[in-house]
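A look at the structure
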Amino acid sequence: MNFLQDVMNYILNDLGSAIFIPAIILILGLVVGVKFKDAIVSALTMGVAFTGMSIVVGFMVGAIGPATEALAKNTGINLPVVDVGWTGAAAITWTWTYAMSSFAIMIGVNLIMLTFKWTKTLNIDFWNAWGKALTSFLVFTVTGNLVFAFIAAALQCVLELKLADAFQKHIEDLTGIPLVSTTHFMTSAVVLLMPINWVMDKIPFFNKRLDVEGLKAKIGVFSENSVMGFVLGLTLGFASAYTVSGSLNIAIQVATAMVLLPMIAKMFMTALAPIADKMSEFTKSKFKDREIIIGLDWPILAGRAEVWTTMLLLVPVILIWAVILPGNEILPVAGILNFSIAVSGLLLTGGNILRMLVMGIITAPVYLLGSTWLAPILTGLSNQIGAIEGVEAGQRVSWSSFEAPEFRVLVAEVFNGNIIAIGGALVFVLMIVWTSKYMNKAKVPSQRYEN
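Along each chain, residue indices are assigned from 1 in the same order as the chain's sequence is written. The predicted origin of the model limits local features to residues at a pLDDT of at least 70 and limits the giving and counting of side-chain atom pairs to 80 or more, whereas totals for whole chains, interfaces and linings rest on all residues. Water and hydrogen atoms were dropped before computing side-chain values, which therefore reflect all heavy atoms in the structure.

**Thoughts on the overall build of the protein chain**
So the rule is basically this: Only DSSP runs of H or I with at least four residues qualify as helices, and only runs of E with at least two residues qualify as strands; both kinds are numbered from the N terminus onward. Think of it in three bands: residues with accessible area under 20% of the maximum for their type are buried, residues over 50% are exposed, and the middle band is partly exposed, with areas taken using a 1.4 Å probe on protein chains only. For the area figures, the Shrake-Rupley method with a 1.4 Å probe applies, and any residue is considered shielded solely by the protein chains shown.
On a plain count of helices and strands, the protein chain comes out with 16 helices and five strands. With 451 residues in all, the protein chain has 55% of them scored as buried. With the model as given, the accessible surface of the protein chain reaches about 18700 Å², and the carbon-plus-sulfur share is 67%.

Encoded structure:
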């Protein structure tokens, strides 16, 4: 067990996703018949794409974080729970004794579902196995039952694969990458967003094309990534009481990120195109009645400007909710950019920014309350091993954009025998089924709305 943990720690901490995922891509490419030279190029391009995306996303978050903190201070927000973001939550989670079991659960569930044709997705996003470990840890903490913890992680794997199946054609349309989907569990936010989206389907006002391309005809130059990023950054800078020079600097930083992100996103298409072509041929020859798609991390969608526009516009909204929401105890800083709402909203609406904003405004409280619920559990584990530096003794830590609270809180309370949670879980399952059917029938984003 120690040897396995040492190996996985080496992969996660020393190699990281920028090395590990390309290695998987290389092996997968060779298995399906890609020439060695082309497989090497694809793998290296994938590594460059992940590294570039990580750098630019980190650059964006690094620019937004201090501005958000300044905005909070200037408005007098004072909340007791420290937001450590997803990186802090991941670091704490990996210290749990049974965290490494998430890999075996993830692989086992995927193989079973592929064998019985319950999914067409091959999930190679091993980097985010920590999300399954977090779910296991939460259930184990609430119930004290390790079997329940592992079952909860397995259920999460099933949902990830089924959602990946449902979103595949929409992701292909949004990215231009064939036979690829995302298996990141932030997509479970569609359960919260789906009823809102359904209502907006009935309102003509929300059925115009309002992605970035659609906006170009309406607002011209202001829809360009560079201009939009500059305006959003400048607005945030002034709202945070930055000086003129400080506001201009954050404006150009946001504009830079929004211009670079689509460029880097194209590298995912370049890296995966040869693999996708050969995988299509391979599956047709080996599995004549089925198609296999590749499940990857969410950054394949990070090139869509609608994601970043939505998250930036929601920053003041989330801060307002943090102040006025009864029961909230966290000041959102490290997790102020809520990827779950933006990415799930992108997939559900096809990039309709207005719909995405409405969804974010309505559902933001769920994440704040979920992160408040998470705080004592995450703090307890953090205090055992001192995983987070810079947090004063007695302070609680959490993650303000805590992904999938609608699933994780429910499943923990279900295994704890909470009757209300059991009812909520039944509703959750029905919502997943509804969403899957809706997305399977829905037109792809480029064909969905009137101009």
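**Some remarks on the packing of helix H8 (residues 190-201) against helix H13 (residues 339-349)**
Quick reminder of the rule: Axis angles are defined between N-to-C directions and span 0 to 180 degrees, where every axis is a line fitted to C-alpha atoms and, for a helix, only to the segment in contact. Here the angle decides the label: under 35 degrees means roughly parallel, over 145 means roughly antiparallel, 65 to 115 means roughly perpendicular, and every other value means oblique. When the near helix sits turned anticlockwise from the far one by under a right angle, the crossing is termed left-handed; a clockwise turn instead gives a right-handed crossing. In this analysis, two residues are considered to be in contact whenever any of their non-hydrogen atoms come within 4.5 Å of each other. Note that Gly is not counted as nonpolar here; it falls among the polar residues with everything else outside the nonpolar set of Ala, Val, Leu, Ile, Met, Phe, Trp, Tyr, Cys and Pro and the charged set of Asp, Glu, Lys and Arg.
Direction vectors running N to C along H8 and H13 enclose 45°, while the axes themselves pass 10 Å from each other. Relative to H13, the element H8 lies oblique. Here H8 runs over H13; the crossing is right-handed. Residues Val190, Leu193, Met194 and Asn197 of H8 form the contact with H13, whose own contacting residues are Ile341, Ser344, Gly345, Leu348 and Thr349. The class makeup of the residues in the contact of H8 with H13 is five nonpolar, four polar and no charged.

**With respect to the packing of aromatic side chains**
Where we set the bar: Two aromatic rings from Phe, Tyr or Trp, using only the six-membered ring of Trp, form a pair when their centres are within 6.5 Å; if the ring planes differ by under 30 degrees the pair is stacked, by over 60 it is edge-to-face, and anything between is tilted.
A complete count under the given rule lists 18 aromatic pairs for this structure. Aromatic pair Trp96 and Phe140: ring centres 5.9 Å apart, planes at 45°, arrangement tilted. With Trp96 in the loop between helix H4 (85-93) and helix H5 (101-115) and Phe140 in helix H6 (residues 129-143), the pair connects residues that are 44 residues apart, well separated along the chain. The class for Phe140 is partly exposed, based on a relative accessible area of 26%. Aromatic ring contacts, followed pair by pair, group Trp96, Tyr98, Phe137, Phe140 and Phe150 into a single cluster.

**Observations regarding the nonpolar core**
Threshold: Here, nonpolar core refers to any group of buried Ala, Val, Leu, Ile, Met, Phe, Trp, Tyr and Cys residues whose side-chain atoms link them within 4.5 Å.
Met46, Ile64, Leu296, Trp308 and Leu337 are the most contacted members of the largest nonpolar core, which totals 140 residues. When residues of this core are assigned to their parent elements, the largest contribution, 13 residues, is made by helix H3 (residues 36-74). For Ile64, the contacting residues outside a window of four places in its chain are Leu236, Val254, Leu312, Val315, Ile336 and Leu337.

**A few points about the side chain of Asn207**
Test applied: We define a polar contact as two N or O atoms separated by no more than 3.5 Å, with the added condition that, inside protein, one atom must be a possible hydrogen donor and the other a possible acceptor, whereas residues neighbouring each other in sequence contribute only through side-chain atom pairs.
Relative to the helices and strands, Asn207 resides in the loop between H8 and helix H9 (212-219). Looking at Asn207, its side chain comes within polar contact range of the main-chain oxygen of Met200, at 3.3 Å. A polar atom in the side chain of Asn207 sits 2.8 Å from the backbone oxygen of Ile203. Setting aside anything within four residues of it in sequence, one finds Asn207 in contact with Met200, Asp201, Arg355, Tyr449 and Glu450.

**A short note on the pattern of salt bridges**
Here is the rule: The salt bridge criterion pairs a side-chain nitrogen of Lys or Arg with a carboxyl oxygen of Asp or Glu, the two atoms within 4 Å.
In total, this model carries four salt bridges according to the counting rule given. Among the salt bridges present, the one from Lys132 reaches Glu160, with a minimum N-O distance of 3.1 Å. Of the two residues, Lys132 sits in helix H6 while Glu160 sits in helix H7 (residues 146-175), which places them 28 residues apart along the sequence. Take Lys132 and Glu160: they sit in the same class, and that class is buried. Ionic pairing is found between Arg396 and Glu329, a salt bridge with its closest N-O pair at 2.7 Å.

**Some points on the sheet that holds strand S3 (residues 180-182)**
We apply this condition: Strand pairing follows a simple DSSP-based rule, namely that at least 2 bridges must link the two strands.
Spatially, three strands are ordered S2-S4-S3 in an open sheet, and the strand pairing comes out parallel. Each having just a single partner strand, strand S2 (121-123) and S3 make up the two edges of the open sheet. Ignoring which end each strand starts from, the neighbouring axes of this sheet average 35° apart. Bridge count between S2 and strand S4 (residues 293-296): three bridges; the pairing is parallel. Looking at S4, one finds that Thr121 is bridged to Ile293. The sheet strands contacting H7 are S2, S3 and S4, and the helix crosses S3 at an angle near 130°.

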